Amino acid sequence: GDMAPVLMAMGAEVILSSRQGDRRVHLDEFFLGYRQTALQAGEILSSVEVPVLGPEWKVGAYKVSKRRELDISAVCAAFALRLDGGGCVAEVRLCYGGMAATTKRAQLTEEALLGQQWTQETVERVLPELSNDFSPIDDQRGSGWFRATLARNLLIGFFLETEGASFQSLPSRPSSTLVLAER
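Computed from a predicted model, the values in this text were never measured in an experiment.

A.B. asks: Just give me the short version of helix 6 (residues 144-162), but keep the residues and values in it.
C.D. replies: If you check helix 6, its first and last C-alpha atoms are 27 Å apart, about what 19 residues at 1.5 Å a residue would give, namely 27 Å. Within helix 6 the residues assigned to the buried category are Gly144, Arg147, Ala148, Thr149, Leu150, Ala151, Leu154, Leu155, Phe158, Phe159, Glu161 and Thr162. Contacts made by the buried residues of helix 6 are with strand 6 (57-64), strand 7 (75-83), strand 8 (89-97), helix 3 (107-113), helix 4 (120-126) and helix 5 (130-133).

A.B. asks: Go over the pairing of strand 1 (residues 13-18) with me, naming the residues and quoting the values.
C.D. replies: Most of strand 1 sits out of view: five of its six residues are buried. Examined bridge by bridge, strand 1 and strand 2 (residues 21-26) share six bridges and lie antiparallel to one another. Looking across to strand 2, one finds that Glu13 is bridged to His26. Once strand 1 ends, the chain turns through two residues before running back antiparallel as strand 2. Where strand 1 lies against strand 5 (residues 44-49), five bridges are found, and the strand directions are antiparallel. Residue pairing in the sheet places Ile15 in a bridge with Ser47 of strand 5.

A.B. asks: Tell me what's going on with the confidence of the model for the chain, and back it up with residues and numbers.
C.D. replies: Across the chain, pLDDT averages 88, with 87% of residues at or above 70. In the model of the chain, strand 3 (residues 31-33) stands out as the element of lowest mean pLDDT, 89, in contrast to helix 3, which has the highest, 98. A low-confidence stretch, residues 176-180 (pLDDT under 50), is modelled with one contact involving residues beyond four sequence positions or located in other chains.

A.B. asks: Which residues make up the packing of aromatic side chains, and what values go with them?
C.D. replies: Applying the stated criterion to the full structure yields seven aromatic pairs. A centroid spacing of 5.2 Å and a plane angle of 50 degrees characterise the contact between Phe79 and Phe158, whose relative ring orientation is tilted. Residue Phe79 is found in strand 7, and its partner Phe158 is found in helix 6; the two are separated by 79 residues along the sequence. Per residue, the accessibility class of Phe79 equals that of Phe158, and both read buried. Put simply, the rings of Tyr62, Phe79, Tyr96, Trp118, Phe134, Phe158 and Phe159 touch in pairs and so form one group of aromatic residues.

A.B. asks: Go over the sheet that holds strand 5, please, and point to the residues and values.
C.D. replies: Spatially, 2-1-5 is the arrangement adopted by the three strands of the open sheet, whose pairing is antiparallel. Across the chains shown, the open sheet's two edge strands, defined by having one partner strand only, are strand 2 and strand 5. Across the sheet, the axes of successive neighbouring strands diverge by a mean angle of 30 degrees, strand direction being ignored.

A.B. asks: Please set out the side chain of Arg93 residue by residue, giving values where relevant.
C.D. replies: Note that Arg93 resides in strand 8. For the buried Arg93, no salt bridge is present, and the opposite-charge side chain at shortest range is Glu91, 4.2 Å distant. Separated by 2.6 Å, the side chain of Arg93 and the backbone oxygen of Ala9 make a polar contact. Look past the residues within four positions of Arg93 in its chain and what remains in contact with it is Met8, Ala9, Met10, Gly11, Leu53, Trp57, Ala78, Phe79, Ala80, Arg105 and Glu110.

A.B. asks: Describe the pattern of salt bridges, and please don't skip the residues or the numbers.
C.D. replies: For the structure shown, the criterion picks out nine salt bridges. A salt bridge links Asp2 to Lys63, with the shortest nitrogen-to-oxygen separation between them at 2.9 Å. With Asp2 in the segment before helix 1 (3-9) and Lys63 in strand 6, this pair connects stretches of sequence that are 61 residues apart. A relative accessible area of 25% means that Asp2 is categorised as partly exposed. Here Lys63 falls in the partly exposed class, since its relative accessible area comes to 36%.

A.B. asks: For the nonpolar core, give the residues involved together with the corresponding values.
C.D. replies: Within the largest apolar cluster, 24 residues are counted, with the highest numbers of intra-cluster contacts made by Phe79, Leu94, Tyr96, Leu113, Trp118, Leu130 and Leu155. If you look at the next biggest cluster of nonpolar residues, it comprises 15 residues, including Met8, Ala12, Val14 and Val25.

Cut-offs applied
- Residues numbered from 1 in each chain as written.
- Predicted model: local features only at pLDDT ≥ 70, side-chain atom pairs only at ≥ 80, totals over all residues.
- Heavy atoms only, no water.
- Helix = DSSP H or I, 4+ residues; strand = E, 2+ residues; numbered from the N terminus.
- Expected span 1.5 Å × (residues − 1).
- Buried < 20%, exposed > 50% of the residue type's maximum accessible area, 1.4 Å probe, protein only.
- Contact = heavy atoms within 4.5 Å.
- Pairing = 2+ DSSP bridges.
- pLDDT = per-residue confidence, 0-100.
- Phe/Tyr/Trp six-rings, centres within 6.5 Å; stacked < 30°, edge-to-face > 60°.
- Axes fitted to C-alpha atoms, helices over the stretch in contact; angles between N-to-C directions.
- Lys, Arg positive; Asp, Glu negative; His and termini not counted.
- Salt bridge = Lys/Arg side-chain N within 4 Å of Asp/Glu carboxyl O.
- Polar contact = N/O pair within 3.5 Å; in protein donor to acceptor, adjacent residues only side chain to side chain.
- Core = buried A, V, L, I, M, F, W, Y, C linked by side-chain atoms within 4.5 Å.

What follows is the structure in structure tokens.
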């Protein structure tokens, strides 16, 4: 579930194997609909290949759920960004889980970012495109409004983490359901 946006943002491909041989499918083309995949009769998903992204790539992954562990996320997002030498977006993959029937890319938002300077003004200007990419539903994990707001805020957070020359990850906030006390 929550790994799909991460793998998709990194450009992963799945290898589907059958007696007829193997075929490669980009992960963003693998999920066709709710509980529907590109697997054909007699095929199994035999492996996932994740390309190694160079140091010029900035990648972030975020999970929002009621609990940190063992919980289905309301929204899970993963982003991969490569800037050109002038600070413009050369490549970008914005992948979300919990925003549609399947994990999917925010393609209209990606297109709006391509070729633009990676600035807060640019990110804020393209945020409305997310509502054209997704129409999230209401369910027990959160309302559509909540999910849409999260999607926008996660993209802004990714910008804030990556705006400097070096990637500055937010500190981890570990949590647990069990705390062991020393005696």
